[in-house]
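Spelled out from the first residue to the last, the chains are:
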Amino acid sequence: MSGTNLSVFGVFFGLAIWFFFEPVKEPFPRAPATAEVSAEDISTASRRVRMSEPPGIGENEFRLQCQECHKLFPSDRDVRVKLSQHENIQLNHGLNSWCFNCHSLEDRNKLVIQGDEEIGYDRVEELCAKCHGTVFRDWQRGMHGRTNGYWDASLGESKRLVCTECHDPHSPAYPTYEPLPGPNTLRMGTPLQSGHDERKRNPLMQWRGATNHDSTQSQHSKEQE
Amino acid sequence: MTEDTKPEFAEVTSERSFNRRGFLRNGLTVVGAMTACVGALSPLRELDGDDIPSVEKFLQRHYKEMNGDEMASALDRIRREVKKRWDIDPIVRDVRAKDGVEFVYALNLSRCIGCRKCVHACVEENNQSRSPELQYIRVLEMPRGTTDIEKGNHHYDRPTVPDDDHFYMPIQCHQCADAPCVKVCPVEATWTESDGITVIDYDWCIGCRYCEAACPYWARRFNYTKPEIPAADINPEMSYLSNRPREKGVMEKCTFCLHRTREGKMPACLEVCPTGARKFGNVLDPDSEVSQILKNKRVFVLKEEVGTLPRFFYYFDERYPRSEGTAEATGEAK
């Protein structure tokens, strides 16, 4: 009897010491934190600033509109000689590679649309619609392009961005972006899983044939390993 | 004979039960047991006072059952809690659904470039936990020829996006009209509002995670630990059903930014989208952008076969590969 009592006491007392002097545990290790992004990275501003006024060169009182010089000498519609003043204009607009497809031959402050009708820079979307009719139709209905602000026009301004607020008219293809950091959780699968070659089992990949993409793909999977 | 021996026996017994050795032995056992009890309870030292709900919060009623005064005091309690934890004065409101509004989201997969701006703008807007990470939107890099999200890659890390051989599919809560997450909730802590948004009463949620298991889109996220948000990153514009700070052990998910959208604004993910791939609006208005898209574009929903009737639609435009129509094709432009 006494032996049982003593051993029960010993077990209890040992447990008491163990519980009491067991150090406070470190907090459970946390999953990695969300990568921080800067405020500019998630800015809601448009990609480009709309050019509503005719372009020009110089600053302040030395500001000269294109037309102020261009009115002094005629331009040839069919000659494409790049002047030193136009070095910064990189025209990369597909088949639309003639300046005077869009710019007025007589008045550089104007753009020209169908039937030689001249319009100001504030109506640029009508110029784009000259060729991109289906996209223009989608844009009019809000199916193409950005609409920011309010969806309910009775509560606030709904701002539909025009073509040139996203696209550079001289090089309209939308640029590539550096992606913001990806997820930090393994619940979305491990990064290594993405190293597989999709081309082998996807017949839709084959139409592209061997492109320079091959090298970037293998390089990419090496980096992941 | 028995009368003679009985008292003797009793005397001996009483002598034995109160002897010095027995007293010490039993006393030590009791003391040891009590010490062990105290020791066993000692892990309570680590309990954070914030883990215990206040009486006020414990007695708070379900969102739908609260009257105006009760809601006002609940909002005031949230305000005090935020002030105590982050030392900022938030604007906490209860933004109700409007009549004649049903929200629909449309996402143009031809225009999405996979830049993940929406993911991070959402985290910023909705006070999601930064540590551990919790994000409502996930962006999948999909190989051409499939919409099977199991074949997508979340962890793409290219120098630039988009990649020519992939398209990008962001997934968030689809605000289903027949939402499985609502059906499985054992305490009705989640429900679909009249404008189509499925919401959660974070104070009513018991954290059973049935809804997370029921959701075919994995749109719901669980707070396994106390959400950590730096004070500088807190968005002080809060609402009860959307972006107020959550506790450990509750579920959360995308609410189409209802604190913004119910007041006519666009959701944060749409505002930040650089390409205009995201479209949002009232489907009951036939001239709204989303109505036009549903009418004119070829839209589809994800996992149509599970019958959840999502209010989140995907669509494509025609898009030509990026390598065509560039400098090589039109070299004469130089």
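Residues numbered from 1 in each chain as written. Chains lettered and ligands numbered in written order. Predicted model: local features only at pLDDT ≥ 70, side-chain atom pairs only at ≥ 80, totals over all residues. Heavy atoms only, no water.

Engineer: How should the overall build of chain A be read in this particular structure?
Structural biologist: Scanning chain A from terminus to terminus reveals six helices and six strands. The linear arrangement of helices and strands in chain A, starting from the amino end, is α-β-β-α-β-β-α-α-β-β-α-α. Looking at the 225 residues of chain A, the share that counts as buried comes to 29%. When contacts within chain A are restricted to residue pairs at least 6 apart in sequence, those whose partners lie at least 24 apart make up 45%. (Helix = DSSP H or I, 4+ residues; strand = E, 2+ residues; numbered from the N terminus. Buried < 20%, exposed > 50% of the residue type's maximum accessible area, 1.4 Å probe, protein only. Contact = heavy atoms within 4.5 Å.)

Engineer: Would you mind showing me how to read the interface of chain A and chain B here?
Structural biologist: Interface size is commonly expressed as the accessible area that is lost once the parts come together. Facing the 74 residues of chain A at the interface are 90 residues of chain B. The contact between chain A and chain B buries some 7,200 Å² in all, and 56% of this surface belongs to carbon and sulfur atoms. Of the charged contacts in the structure, one is a salt bridge between Asp138 of chain A and Lys297 of chain B, with a shortest N-O distance of 2.6 Å. Listing elements by their share of the side of chain A that touches chain B, those giving two or more residues are helix 1 (2-21), strand 5 (147-149) and helix 6 (213-224) of chain A. A breakdown of the residues in the side of chain A that touches chain B according to their chemical character gives 33 nonpolar, 25 polar and 16 charged. (Buried area = accessible area lost by both parts, 1.4 Å probe. Salt bridge = Lys/Arg side-chain N within 4 Å of Asp/Glu carboxyl O. Nonpolar A, V, L, I, M, F, W, Y, C, P; charged D, E, K, R; others polar.)

Engineer: Which parts of the structure should I look at to understand the pairing of strand 4 (residues 166-171) of chain B?
Structural biologist: Working note: regular strand, side chains alternate between the two faces of the sheet. Across the six residues of strand 4 of chain B, six count as buried, placing the element largely inside the fold. The two faces of strand 4 of chain B match: His166, Tyr168 and Pro170 of chain B on one face and Phe167, Met169 and Ile171 of chain B on the other face are all buried.

Engineer: Looking at this structure, how should I read the environment of Gln65 of chain A?
Structural biologist: Residue and element names in this part refer to chain A. If you trace the backbone, Gln65 turns up in strand 2 (residues 64-65). Remark: the alpha-carbon pair of Gln65 and Pro55, spanning 10 residues in sequence, is separated by 6.2 Å. In this structure Gln65 touches Pro54, Pro55, Gly56 and Asn109, once residues within four positions along its chain are discounted. In this structure the side chain of Gln65 is engaged in a polar contact, spanning 3.0 Å, whose partner is the side chain of Asn109. (Polar contact = N/O pair within 3.5 Å; in protein donor to acceptor, adjacent residues only side chain to side chain.)

Engineer: What should I look at first to understand the confidence of the model for chain B in this one?
Structural biologist: Low-pLDDT portions of the prediction should not be read for the details of their coordinates. On average, residues of chain B score 88 in pLDDT, and 90% of them are at 70 or above. Counted against residues more than four places away or in other chains, residues 323-334 of chain B, with its pLDDT under 50, gives 13 contacts. (pLDDT = per-residue confidence, 0-100.)

Engineer: Teacher, can you tell me more about the nonpolar core here?
Structural biologist: Nonpolar side chains tend toward joint burial in soluble globular proteins. Residues and elements named next belong to chain B. Ranked by size, the top nonpolar core spans 74 residues in total, and within it Ile137, Met169, Ile171, Tyr240, Phe256, Phe280 and Tyr314 carry the most contacts. Those elements that provide at least two residues to this core are helix 4 (68-86), strand 2 (103-108), helix 5 (117-125), strand 3 (138-143), strand 4, strand 6 (198-200), helix 9 (268-272) and strand 12 (312-315). Sort the elements by how many residues they give to this core and helix 4 lands first, with six residues. For Ile137, the contacting residues outside a window of four places in its chain are Cys118, Val119, Cys122, Pro170, Ile171, Gln172, Cys269 and Arg278. (Core = buried A, V, L, I, M, F, W, Y, C linked by side-chain atoms within 4.5 Å.)

Engineer: How should the sheet that holds strand 2 of chain B be read in this particular structure?
Structural biologist: Sheet strands associate in pairs through backbone hydrogen bonding, adopting either a parallel or an antiparallel arrangement. Residue and element names in this part refer to chain B. Strand order in the open sheet formed by four strands is 10-2-12-11, with mixed pairing between adjacent strands. Each edge of the open sheet is held by one strand with a lone partner, namely strand 10 (278-282) and strand 11 (299-300). One ladder, built from two bridges, connects strand 11 with strand 12; its direction is antiparallel. Among the inter-strand pairings, Val299 is bridged to a residue of strand 12, identified as Tyr315. (Pairing = 2+ DSSP bridges.)

Engineer: Sorry if this is basic, but what is going on with the pairing of strand 2 of chain B here?
Structural biologist: All names here are of chain B. Judged by how many residues are buried, strand 2 sits mostly within the fold: six of six residues are covered. Taking every second residue as pointing to the same face, both faces of strand 2 are buried, with Phe103, Tyr105 and Leu107 on one and Val104, Ala106 and Asn108 on the other. Of the strand pairs in this sheet, strand 2 and strand 10 are connected by five bridges, and their pairing is antiparallel. Across the sheet, residue Tyr105 finds its bridge partner in strand 10, namely Phe280. As paired elements, strand 2 and strand 12 share four bridges and run parallel to each other. Residue Asn108 lies in a different strand from strand 12, and its bridge partner there is Tyr315.

Engineer: What should I look at first to understand unusual backbone geometry in this one?
Structural biologist: Note: most residues except glycine have negative phi, and most peptide bonds are trans. Residues and elements named next belong to chain B. The omega torsion of the bond from Ser131 to Pro132 falls at 0°, within 30 degrees of zero and hence cis. Within the secondary structure layout, Pro132 lies in the loop between helix 5 and strand 3. Note that the residue after Val161, namely Pro162, is joined by a cis bond; omega there is 0°. Here Pro162 is to be found in the loop between strand 3 and strand 4. Positive phi is not limited to glycine here, since Glu188 has a value of about 55°. Considering the arrangement of structural elements, one finds Glu188 in the loop between helix 6 (180-184) and strand 5 (190-192). The exposure class of Glu188 is exposed, given its relative accessible area of 59%. The phi dihedral of Phe256 is positive, around 50°, even though this residue is not glycine. As for its placement among the helices and strands, Phe256 is situated in the loop between strand 9 (251-253) and helix 8 (258-261).

Engineer: Would you take a moment to explain the pattern of salt bridges for this structure?
Structural biologist: Working definition: two side chains of opposite charge can pair if their charged atoms are close together. Taken as a whole, this structure holds 35 salt bridges over all chains when the rule is applied. Here Glu117 of chain A and Arg123 of chain A are joined by a salt bridge, their closest N and O atoms 3.9 Å apart. Judged by its relative accessible area of 32%, Arg123 of chain A falls in the partly exposed class. Of the charged contacts, one joins Glu102 of chain B and Arg311 of chain B as a salt bridge, the two residues approaching to 2.7 Å between their closest N and O atoms. Here Arg311 of chain B lies in the loop between strand 11 and strand 12 and Glu102 of chain B lies in the loop between strand 1 (91-93) and strand 2, a separation of 209 residues in the sequence. Residue class for Arg311 of chain B comes out buried when judged on its relative accessible area of 11%.

Engineer: Is there a simple way to explain the packing of aromatic side chains in this structure?
Structural biologist: Summed over all chains, the structure comprises 16 aromatic pairs over all chains. Aromatic ring contacts, followed pair by pair, group Trp151 of chain A together with Phe103, Tyr105, Phe167, Phe256, Phe280, Phe300, Phe312, Tyr314 and Phe316 of chain B into a single cluster. Its guanidinium or amino end placed over the ring of Tyr174 of chain A, Arg47 of chain A lies 5.3 Å from that ring's centre, counting from NZ or CZ. A cation over an aromatic ring shows up here: Arg244 of chain B above the ring of Tyr240 of chain B, its NZ or CZ 4.0 Å from the ring centre. (Phe/Tyr/Trp six-rings, centres within 6.5 Å; stacked < 30°, edge-to-face > 60°. Lys NZ or Arg CZ within 6 Å of the ring centre and 35° of its normal.)

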